[in-house]
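Topology and contacts: notes
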Amino acid sequence: MIRLSGRLSGLEESATLAITAKAKALAAEGRDIIGLGAGEPDFDTPENIKNAAIKAIRDGQTKYTPVGGINELKDAVAGKFKRDNNLAYSRDEIIVSCGGKHSIYNLFQAILDPGDEVVIPSPYWLSYPVMAALGGGVPRIIPTEESAGFKMSVEAFRENITPRTKAVVINSPSNPTGAAYTFEELKRLAQAALENNVLIISDEIYEKLTYDGFKASSIASTSEEARRNSVVLNGVSKTYSMTGWRIGYAAGPKEIVKAMTSIQSQSTSNPTSISQWAAVEAISGPQDSLAVMVGEFEKRRNAMVEALNSIEGVSAFKPLGAFYVFANISGLLGGRSKGREIKGSADFAACLLDEAGVAVVPGGPFGDDRYIRLSYATSMKNVVEGVRRIREAAGRLG
Ligand SMILES: *Cc1c(COP(=O)(O)O)cnc(C)c1O
């Protein structure tokens, strides 16, 4: 047997993808499973975007492209930043990657040396600490409280800055909590980062999926200094229901973008040429399907939060963005079901899948074991039926 690299120690398959796979396998066996685990919109990619991809194939746009993306897409991305965030970037400050996840991976590879610390507020998207560690860095997890809206205070941030702190990750709106920072909060965090020479990494993939009239701000837009000290990550996966197309992008200081491009050039090369042309249409074309999707998400969010909050032992924070509810299940922990003691979120998720036919993602891998993550990127019917089953399962706990 070949011994695997030490880099692999502690590396696990993404919990979100794992639960989705198990739910799919059970459904394939004929079990009636309601999936509330999805990490992607349940809408189809809009027709104008598909047509742009078909046209790209017909036009012969099927060869290697520049590693960091075609100029047409970089210009579309620059136009988006100007229009939506009032941020000015030139082509050499932008890189297009094989999904936003790939941009973040490249970024950690580009900036981290062994022992460099990355501040990550918790609950977090489970890939940040793993990708930081794969880059040789040390994740420094800062717990946040639901009572504080799951947001890191500037005081907590300052207290956790050390001479080794290289970067801080801000994900607003957040996966898994749906929490979102105000412009003023972002400005204070940016100020603390600037004073301590800490690079700001801002994952804005859920920027457009916001509710109650809330408009997400980019931390990079809080001052020109903040813009120069930030790498902003975004992509088309969530906004345009394009998860399978694998297009994400980052904008930031030229030297960092150049380093990310070198890494990409020696690993994946360019993202798919056809998807890049589709992304040009997604970003620059009509935006009406986005409004329809957000409208649907908001209705489902309202229904899900209200139903969860009426279950004894469960409470749900109302998310301002993304398409997840991070529900507190502390009131159920310690209960028993069919001989199984519910000690943490993974036990409860397993109980829900086996006994109630509902797939949710345990909160543990996101940094808080007192929670489960439920996705409302599924039909209203599934939202209603899924939560009904959770209520029953919760009621059966002895
Ligand atoms: C989905 C997601 C991404 C990136 O997804 P890609 O499909 O790789 O673009 C990045 N950050 C968060 C928090 C996400 O949930």
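Residues numbered from 1 in each chain as written. Predicted model: local features only at pLDDT ≥ 70, side-chain atom pairs only at ≥ 80, totals over all residues. Heavy atoms only, no water.

Take the sheet that holds strand E4 (residues 138-143) next. If you walk across this open sheet you meet the seven strands as E2-E8-E7-E6-E5-E3-E4, and the pairing is mixed. At either end of the open sheet lies a strand with only one pairing partner, and these are strand E2 (94-97) and E4. For this sheet, the mean angle separating the axes of adjacent strands, direction not counted, is 20°. Pairing geometry for strand E3 (residues 117-122) and strand E5 (residues 165-171), over three bridges, is parallel. Bridge pairing in E5 links Val119 to Val168. On top of the sheet, helix H9 (residues 254-265) reaches E2, strand E6 (199-203), strand E7 (230-235) and strand E8 (248-251); it is set at about 25° to E2, its chief contact. (Pairing = 2+ DSSP bridges. Helix = DSSP H or I, 4+ residues; strand = E, 2+ residues; numbered from the N terminus. Axes fitted to C-alpha atoms, helices over the stretch in contact; angles between N-to-C directions. Contact = heavy atoms within 4.5 Å.)

Attention now goes to the environment of Ser275. Summarising the element assignment, Ser275 is placed in helix H10 (residues 273-284). Looking at Ser275, the relative accessible area reads 6%, which means it is buried. In this structure, the C-alpha to C-alpha distance between Ser275 and Thr45, residues 230 residues apart in sequence, is 12 Å. Those residues in contact with Ser275 that sit more than four places away from it in its chain are Trp245 and Ile247. (Buried < 20%, exposed > 50% of the residue type's maximum accessible area, 1.4 Å probe, protein only.)

The next point concerns the site of the ligand. Taken together, 13 residues sit near the ligand, with Gly100, Asp203, Ser237, Lys238 and Arg246 positioned nearest. Between the ligand and Gly100, the relevant distance is 2.6 Å, taken from an oxygen atom to a main-chain nitrogen or oxygen of the residue. Side-chain polar atom of Tyr206 to an oxygen atom of the ligand: 2.7 Å apart, as the coordinates give it. Compared with its free state, where it exposes 380 Å², the ligand has 93% of that area covered by protein. Among the residues making up the shell around the ligand, the classes are represented as four nonpolar, five polar and four charged. (Near = heavy atom within 4 Å. Polar contact = N/O pair within 3.5 Å; in protein donor to acceptor, adjacent residues only side chain to side chain. Areas by Shrake-Rupley, 256 points an atom, 1.4 Å probe, with all protein chains shown as cover. Nonpolar A, V, L, I, M, F, W, Y, C, P; charged D, E, K, R; others polar.)

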